Amino acid sequence: MIRRARHVGLVSVLVMASCLHGVACTSSGEDTSPASSGALSLSIGSGTLSLAVGETVALLAAPVSPDGSSFTGLYTLEWASAGASVATVTQAGVVVAVGTGTTKVTAKATRIDTGASATASVDVVVGGGSPPPPPPPPPPPSGEQLRVDVSSLCLTAAAAIQNGTRMMQSDCGNSALGFTESADASGTELRVAGTSFCVDLPQGSANNGDLLQLLACDGSLHQRFSPIPYASGRRGFKSATTGKCLDIVGATTAKGALVQQWSCGDTAEQRFSTDGSSGGGDGGPPSGGPNVSATFTPDTTTDFPNPERGFHYIADLPSSGWEQSLQIIKGDGLRLVFASLNLRDYRTQPIASSFLAAIQQGLDAARRYGLKVVLAPMYDSVGAADNDTTIDWVKVHTGQLKPLCAANADVIAYVQAGFVGMWGEWHDSSSGLDLKDNMRAVRNLVMDMVPSPIPVQFPKIWALQEEWYPTVLGPGVAFDGSPQSRAGFNNMCFMAGKNDSYYFPGPWNLLDHLITKSEAEERAYAAALTEYAAFGGETCDNHPSEERLSCSGSTDGAGNPGGILAEGPRYHLAYLNRGYFDGYMNTWINEGCFDTVSRSMGYRFQLDAVTHQSTAQPGQTVDVDVAMRDVGWSRIFSARKMMVTLVNGNTSITAESVVDLRQLPSQAASSSHVLAHVSIPVGTAPGTYAVHLSMPDVYPRTAGVADYAIRPANANAGGQSWDPSAARFTTGTSVTVQ
C-alpha cells in the first residue's frame with residue numbers, strides 16, 4: 001500500500017507486531033538515515049516469532065523518526081515469506097503459520113520520491129500442535145471513542161499504555177480507547193477512561209508534525225484542549241499551549257497512522273465524532289448496518305476523452321479559424337486546445353478592449369464545445385528578431401489579462417508562462433527579458449495573473465532548480481496554492497536531441513545565469529518535480545540525427561533510457577501537441593505504441609472496489625469507501641473530488657469525498673482509499689437507494705457539464721455502467737433507508 005504524509009525528515013520505520021489468538025509477541029526497532037540522501041531504513045526487530053500451526057500474527061507498520069516525529073513521505077510496504085510451506089504473509093502484514101519449520105518473513109519499504117528501499121526480516125519458528133483458543137474479548141471501553149472523519153477509524157494507543165505511548169488510529173470497537181472529558185477555565189482534559197493517563201502534547205512541542213502522547217494526568221496546559229465545533233456534530237481539538245489541532249499524520253486512511261499537532265483547519269484529518277461506549281463488534285460505522293462491497297472491472301484499452309489531459313492541437317486565440325479548430329479537436333475525441341495568444345501588436349501599448357473581448361468570446365466558445373485550454377501568451381509566433389517587449393509593458397499586459405483569467409478559470413487547464421523571447425519560450429529575448437532579474441519578475445507577474453490553483457509552466461528547468469526552488473516540490477508543499485506548488489515545466493522540444501535542444505543544457509554560462517547542474521541532475525529534478533507539478537509541451541525537429549523517435553530503445557544525453565514509453569512516465573507527461581512534430585507520432589503508430597501513449601498521458605482513474613453500509617436510518621451517516629488508483633502517467637492537477645450520490649427515483653443524496661483527487665499518486669500499482677460520508681437527512685423516505693460515483697468539475701459553470709466530468713477507466717459489466725447523460729458510474733450496490 002502507498003502511504004502519504006506531510007513532511008520529509010530523518011526516516012525510521014517501527015514495525016509493531018500484535019499477535020492474535022492470545023499469543024504474546026512484540027517486535028520493534030529503528031534505524032536512521034538522512035532524508036537528504038533520499039534513503040529509507042526499516043526494522044522489524046531482532047526477536048523470533050514462535051507460532052503454532054494455524055496461528056496468525058498481524059504485523060502493523062507505523063513509520064516514525066528517531067526524535068519521535070513521523071516519516072511523512074510516500075512509501076510502499078511489501079511483505080514476503082522465504083518459506084511459504086512454513087508460513088505465509090499477506091500484503092497487509094498478516095503472518096499465517098501453515099506447517100512446522102523455520103522461515104524468514106521480510107518487509108521491504110520503498111520511498112516513492114527517490115526509489116530508495118530497505119528491508120528487514122524476522123525469523124518465524126512454527127511448531128506442532130494447535131493454536132490456543134482465543135481469549136474472551138475484553139470488556140468494552142468506557143467513555144466515548146473518538147472517530148476520525150478522514151478514515152472512520154478511532155483513536156487508540158500505539159503500544160501498551162504508559163508514559164510516552166504514542167497515539168494512532170485503528171479499528172473502532174473494543175480495541176479503541178474510550179475518553180472522558182472534563183473542562184475547566186483552561187480547557188478540556190481528554191482522559192483515557194478507567195486510567196490515570198491523558199492525551200498530552202510533550203513540553204517544548206511547538207511545530208507542525210510534533211506527535212501527541214499519553215502521559216499521567218497532571219492538570220497542566222499541555223493536557224488541555226479547546227473543542228472546535230464543526231458541521232454534523234464533528235469537533236476539532238485545539239491545544240491550549242500551541243493553538244494547533246489534533247491531526248492524523250498524512251491525512252491517511254491507513255491503520256497505524258499516528259496523531260500529531262497541525263495548524264487548525266476544518267479538514268477531515270482534524271474532525272472527530274464520538275462513538276458510544278457500548279463497544280463490541282468490529283467497530284463499524286455509526287449507521288450500524290452491515291457492509292456491502294463490490295469490485296470493478298478495469299478497462300485497460302479504451303482511450304477515454306477526459307478533460308485536461310492527452311493530445312491537443314494549437315489554434316490562434318482569437319482568430320477567424322478558432323471555432324473551426326474547436327470543432328476539429330472535439331471531433332477527434334480530444335478535450336484540450338493549445339491557445340496561442342499572440343500579443344505582437346501590443347508590444348508598446350495596452351491591449352485593446354476589442355482584443356480582450358475577442359479573447360473572451362473565444363473562451364466562451366471553448367466552454368460551449370466542452371474543451372479546456374492551455375493558455376500561451378507571447379509577443380512572437382514566427383521567431384522574429386524583435387520578439388518581445390519591456391518588463392513594464394509585461395506588467396501592464398498581465399494586469400489586463402488577470403481579470404480575464406479569473407473569469408475563465410473554469411476553462412483554463414494550464415498557463416505556459418510565455419511573454420519572453422521567441423515563441424514565448426524564454427530564449428533569445430530582444431528586450432533582455434531572459435536576464436535573471438527580469439525572468440524572476442515575469443514569473444511573479446504571471447503567477448499573479450493566473451488564479452490559484454491553475455498550474456503555470458516554465459520552460460527553464462535550470463531556473464526552477466537553481467534560481468527559484470532549489471528544494472524540489474514534494475508532498476509537504478504540493479497543492480497548497482503557493483507559487484512553488486503551481487510552478488510546472490513545459491518542454492517544446494521533448495526528446496529532440498540529446499539534451500532536448502537545450503531544455504536540459506547542463507553546466508553553462510548563459511547571459512547572467514550561472515548554470516551548474518549536470519544534465520543528469522536537471523533531468524532528475526524534472527522527474528521529481530513533475531510528480532506534483534504539471535508537465536507538457538511538444539516535440540520538434542531541431543536535431544534529426546539525435547531525435548528519440550522510437551517507442552523505446554534509445555538513450556538521452558544523461559544515459560537514461562529514451563523513447564516515449566520511458567520518458568512519458570518518467571516526466572509524468574500530461575499533454576502533448578498532436579500536430580508537431582509528426583515524425584514522432586507516425587513512428588509511434590508504425591511501432592504500435594501510439595494508443596498506449598494516447599491513453600496514458602495525464603491521469604487515468606481506475607475504480608477498484610466500493611464498500612459501504614447496506615442499511616441506514618434518517619439522521620445517520622453512510623460511509624462510502626472507494627478503492628481507486630491513478631494508472632496514468634501524471635496526477636490530475638485541478639482540484640477535484642469524488643462525489644457519491646444515492647438515488648431513489650427523483651430523490652438524490654450527494655456527498656463529496658474527504659480527499660482531493662490530486663492527492664492520488666500517478667502510475668499507482670495499488671489502491672488508495674477515498675472516503676465520503678453521506679448524511680441521510682431526517683425525513684428521507686424509506687426505500688432502496690442506488691449508489692453512483694462521479695468526478696465532476698468543481699466550477700459552477702462546468703460542474704454539470706458531462707464533457708468536463710471524468711469517466712473512470714472501467715468496463716460496463718455486472719450491473720456497473722457509465723451513464724453518459726448524468727456523467728456518473730453505477731456501482732451496482734445500494735443502501736436501504738429504513
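Quick caveat: nothing in here was measured; it's all calculated off a predicted structure.

Colleague: What exactly am I supposed to notice about the overall build of the protein here?
Modeller: Helix and strand counts for the protein come out as 10 helices and 41 strands. Going through the 738 residues of the protein one by one, you find that 56% of them count as buried. Of the contacts made within the protein by residues no fewer than 6 positions apart, 71% connect residues no fewer than 24 positions apart. Surface accessibility of the protein: about 27300 Å² in total, with carbon and sulfur atoms responsible for 52%.

Colleague: Where do I start with the state of the cysteines in this structure?
Modeller: Covalent bonding between the sulfur atoms of two cysteines is what defines a disulfide. Under the defined criterion, the tally for this structure stands at five disulfides. Bridging C154 to C172, the disulfide has an S-S length of 2.0 Å. Note on the C154 and C172 pair: the S-S dihedral is about 90 degrees, so by sign convention the disulfide is right-handed. One end of the pair, C154, is in strand β11 (residues 154-157); the other, C172, is in the loop between β12 (165-170) and β13 (179-184), and 18 residues separate them in sequence. Residue C154 shares its accessibility class with C172, and that shared class is buried.

Colleague: Even after reading the chapter, I still don't get the environment of S381, so can you show me in this structure?
Modeller: Mapped onto the elements, S381 comes out in the loop between β25 (372-378) and α3 (391-407). Sequence separation between S381 and D316 is 65 residues; the distance between their C-alpha atoms is 9.9 Å. Reaching out from S381, the side chain makes a polar contact with the side chain of N342 at a distance of 3.1 Å.

Colleague: What should I look at first to understand empty space enclosed by the protein in this one?
Modeller: Space left empty within the atom packing is revealed by a probe, the size of a water molecule, rolled over the atoms. Overall, the coordinates contain seven cavities of 30 Å³ or more when judged by the stated rule. Taken together, P453, P455, F479, G481, S485, R486, Y532, A533, A534, F637 and R662 make up the full set of residues lining the second largest cavity. Split into classes, the residues belonging to the lining of the second largest cavity amount to seven nonpolar, two polar and two charged.

Colleague: What exactly am I supposed to notice about the pattern of salt bridges here?
Modeller: Any two side chains of opposite charge can pair, on the condition that their charged atoms come close. Scanning the model with the defined rule gives 33 salt bridges in all. One salt bridge connects R640 with D697, and the closest N-O pair in it is separated by 3.6 Å. Taken as a pair, R640 in the loop between β35 (621-630) and β36 (641-648) and D697 in the loop between β39 (687-694) and β40 (721-723) lie far apart in primary sequence, 57 residues in all. Looking at D697, the relative accessible area reads 3%, which means it is buried.

Colleague: Sorry if this is basic, but what is going on with the packing of aromatic side chains here?
Modeller: Each pair of aromatic rings is reported with the distance of its centres and the angle of its planes. Applying the stated rule across the entire model yields 21 aromatic pairs. Members of the aromatic cluster, connected to one another through ring pairs, are F489, F494, F504, F535 and Y571. Sitting over the face of the ring of W468, R443 holds its NZ or CZ atom 5.0 Å from the ring centroid.

Colleague: Would you explain helix α7 (residues 519-529) in this entry?
Modeller: An α-helical segment advances 3.6 residues per turn. Residues three or four places apart therefore align on the same side. Buried residues of α7: E519, E522, R523, Y525, A526, A527 and L529, and no others. Buried residues in α7 make contact with α5 (461-468), β28 (487-491), β30 (513-515) and α8 (564-570).

Colleague: What should I look at first to understand the confidence of the model for the protein in this one?
Modeller: Overall, the predicted model of the protein reaches an average pLDDT of 85, with 85% of residues at or above 70. Overall, residues 135-141 carries pLDDT values under 50, and its contacts beyond four positions in sequence, including any with other chains, amount to 14 contacts. When the criterion is pLDDT under 50, residues 276-288 qualifies, and its contacts beyond four places in sequence or with other chains add up to 30 contacts.

Colleague: Where do I start with helix α1 (residues 322-331) in this structure?
Modeller: Within α1, burial applies to W322, L326 and I329. Projection of α1 onto a plane perpendicular to its axis shows the buried side chains occupying an angular sector of 65 degrees, all on one side. Seen from the open side of α1, the exposed residues pointing more than 90 degrees away from its buried face are Q324 and G331. Lining the buried residues of α1 we find β23 (310-316), β24 (336-342), α2 (353-368) and β25. G333 lies just past α1 and shows a positive phi near 80 degrees.

Criteria and thresholds
Residues numbered from 1 in each chain as written. Predicted model: local features only at pLDDT ≥ 70, side-chain atom pairs only at ≥ 80, totals over all residues. Heavy atoms only, no water. Helix = DSSP H or I, 4+ residues; strand = E, 2+ residues; numbered from the N terminus. Buried < 20%, exposed > 50% of the residue type's maximum accessible area, 1.4 Å probe, protein only. Contact = heavy atoms within 4.5 Å. Areas by Shrake-Rupley, 256 points an atom, 1.4 Å probe, with all protein chains shown as cover. Disulfide = S-S within 2.5 Å. Polar contact = N/O pair within 3.5 Å; in protein donor to acceptor, adjacent residues only side chain to side chain. 1 Å grid on protein atoms, 1.4 Å probe; cavity = no way out; pocket = protein on both sides within 12 Å on 5 of 7 lines; lining within 4 Å. Points joined across faces, edges and corners; volume = space filled by probe spheres on them. Nonpolar A, V, L, I, M, F, W, Y, C, P; charged D, E, K, R; others polar. Salt bridge = Lys/Arg side-chain N within 4 Å of Asp/Glu carboxyl O. Phe/Tyr/Trp six-rings, centres within 6.5 Å; stacked < 30°, edge-to-face > 60°. Lys NZ or Arg CZ within 6 Å of the ring centre and 35° of its normal. pLDDT = per-residue confidence, 0-100. Arc of directions from axis to C-beta.

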